Amino acid sequence: DIKKLADFSTELCAEGAVLLKNDGNMLPVRDEKISVFGRTQINYLKSGTGSGGAVNVRNSINILDGLRDNEHIILNEELAADYERLVKEHPADYSNTFESDFTDKEFVPDDAIIEKASEFSDKAIVIIGRVSGESYDNVPREGSFCLTPNERELLKKVTGLFKQTAVLINCGNTVNIK
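Conventions we followed
Residues numbered from 1 in each chain as written. Predicted model: local features only at pLDDT ≥ 70, side-chain atom pairs only at ≥ 80, totals over all residues. Heavy atoms only, no water. Helix = DSSP H or I, 4+ residues; strand = E, 2+ residues; numbered from the N terminus. Buried < 20%, exposed > 50% of the residue type's maximum accessible area, 1.4 Å probe, protein only. Contact = heavy atoms within 4.5 Å. Areas by Shrake-Rupley, 256 points an atom, 1.4 Å probe, with all protein chains shown as cover. Expected span 1.5 Å × (residues − 1). Arc of directions from axis to C-beta. Pairing = 2+ DSSP bridges. Axes fitted to C-alpha atoms, helices over the stretch in contact; angles between N-to-C directions. Phe/Tyr/Trp six-rings, centres within 6.5 Å; stacked < 30°, edge-to-face > 60°. Lys NZ or Arg CZ within 6 Å of the ring centre and 35° of its normal. Patch = residues over 30% accessible without salt bridge, like charges linked within 9 Å, V, L, I, M, F, W, Y side chains within 5 Å. Salt bridge = Lys/Arg side-chain N within 4 Å of Asp/Glu carboxyl O. Polar contact = N/O pair within 3.5 Å; in protein donor to acceptor, adjacent residues only side chain to side chain.

Quick look at the overall build of the protein
Helices and strands together make up the secondary structure of the protein, namely five helices and four strands. Overall, the protein shows an N-to-C arrangement of helices and strands of α-β-α-β-α-α-β-α-β. Residues classed as buried in the protein amount to 36% of the 178 residues present. Considering only contacts in the protein between residues 6 or more positions apart, those separated by 24 or more positions represent 75%. Roughly 11000 Å² of accessible area belongs to the protein as shown, and the carbon and sulfur atoms make up 51% of that amount.

Structure, rendered in structure tokens:
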């Protein structure tokens with residue numbers, strides 16, 4: 001029964017989300033403006049590599065569209081359009097699942113774009129993504145267990161201009177966010 005399986009899968013996903021910290025009641029976001037950073041808002045990772053790779057599902061939406069579908073979120077659509085353009089110009093490449101660096105190079109918007117976004121909203125969400133599997137995701141190096149320089153720079157710039165920032169990790173394993 002596909003409907004029951006879809007409902008069960010949705011329930012599992014909700015139960016699998018972990019909130020580590022919620023300083024200043026950043027979450028939940030309700031009837032507030034938010035700015036979303038990180039290419040994974042569009043290149044949502046829904047599977048791993050090896051035997052868990054290339055999962056094809058009938059119903060999947062990326063994080064950005066999920067936020068758009070929430071009537072209680074006022075999304076910074078100008079920033080979202082910037083990310084949609086960048087991802088279209090620089091698509092993700094997972095063609096070689098055993099040799100590729102699965103961490104797509106994260107975009108760090110110009111200071112003016114981040115500043116304009118902070119004028120739109122006091123809250124930001126930064127999404128960091130990792131493909132996991134075949135032990136690629138547990139190596140103590142940048143782009144695996146550790147943040148890349150671009151990810152660290154993005155976090156520094158966003159947290160420096162926004163009053164509150166949530167970091168969403170889209171990964172099947174742990175990531176050191178320090």
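After presenting the structure, the write-up continues.
Focus: helix H3 (residues 77–89)
Counted at 1.5 Å a residue, the expected span for H3 with its 13 residues is 18 Å, and the 18 Å between its end C-alpha atoms agrees. Of the residues making up H3, those classed as buried are Leu79, Ala80, Tyr83 and Val87. Looking straight down H3, one finds that the buried residues subtend no more than 100 degrees of arc, so they occupy a single side. Where H3 is buried, its residues meet strand E1 (32–37), helix H2 (63–68), strand E2 (73–75), helix H4 (111–120) and helix H5 (149–161).

Notes on the sheet that holds strand E4 (residues 164–170)
Taken in spatial order, the four strands of this open sheet run E2-E1-E3-E4, and their pairing is parallel. The open sheet terminates on both sides in strands that have one partner only, identified here as E2 and E4. Along the sheet, successive strands turn relative to each other by an average axial angle of 35 degrees, direction set aside. In this fold H3 packs onto E1 and E2, with an angle of close to 15 degrees to the strand it touches most, E1. Sheet contacts for H4: E1 and E2; angle to E1, the most-contacted strand, approximately 160 degrees.

So, the packing of aromatic side chains
With the rule as written, the count across this model stands at three aromatic pairs. Grouped by ring-pair contacts, the aromatic residues Phe37, Tyr83, Phe107 and Phe162 constitute a single cluster. Lying across the ring of Phe120, Lys33 places its NZ or CZ 5.2 Å from the centre.

Let's talk about a nonpolar patch on the surface
Judged by side-chain polarity, Ile2, Leu5, Phe8 and Leu12 come together as a nonpolar surface patch covering roughly 400 Å² of accessible area. Within the secondary structure, Leu12 is located in helix H1 (residues 2–16).

Some details on unusual backbone geometry
Following Leu27, the chain continues to Pro28 via a peptide bond in cis, the omega torsion being 0 degrees. The residue Asn25 is not glycine, and still its phi comes out positive at about 55 degrees. When its relative accessible area of 59% is taken as the criterion, Asn25 is described as exposed. Despite not being glycine, Asp31 shows a phi value in the positive range, around 55 degrees. Inspection of the secondary structure puts Asp31 in the loop between H1 and E1.

Some thoughts on the environment of Lys123
Its location among the elements puts Lys123 in strand E3 (residues 123–129). Of the residues examined, Lys123 reaches a relative accessible area of 7% and is grouped as buried. Placed 42 residues apart in sequence, Lys123 and Thr165 show a C-alpha to C-alpha distance of 5.7 Å. With residues up to four places along the chain from it excluded, the contact list for Lys123 reads Asn25, Met26, Pro28, Val29, Glu32, Lys33, Ile34, Ser35, Phe162 and Gln164. Reaching out from Lys123, the side chain makes a polar contact with the side chain of Glu32 at a distance of 3.1 Å.

Comments concerning the pattern of salt bridges
One side chain can pair with another of opposite charge once the charged atoms of both are near each other. Tallied over the full model, the rule gives 13 salt bridges. Across the pair Asp65 and Arg68 runs a salt bridge whose closest N-O atoms are separated by 3.2 Å. Taken together, the residues Asp65 and Arg68, both in helix H2 and three residues apart, mark about one turn of the helix. A relative accessible area of 30% places Asp65 in the partly exposed class. Residue class for Arg68 comes out partly exposed when judged on its relative accessible area of 30%. The closest approach of N and O atoms between Glu78 and Lys116, which form a salt bridge, is 2.8 Å. In this pair, Glu78 is assigned in helix H3 and Lys116 in helix H4, connecting sequence segments 38 residues apart. For Lys116, a relative accessible area of 46% translates into the label partly exposed. Connected through shared salt-bridge partners, Asp65, Arg68, Glu77 and Glu84 make up one network.

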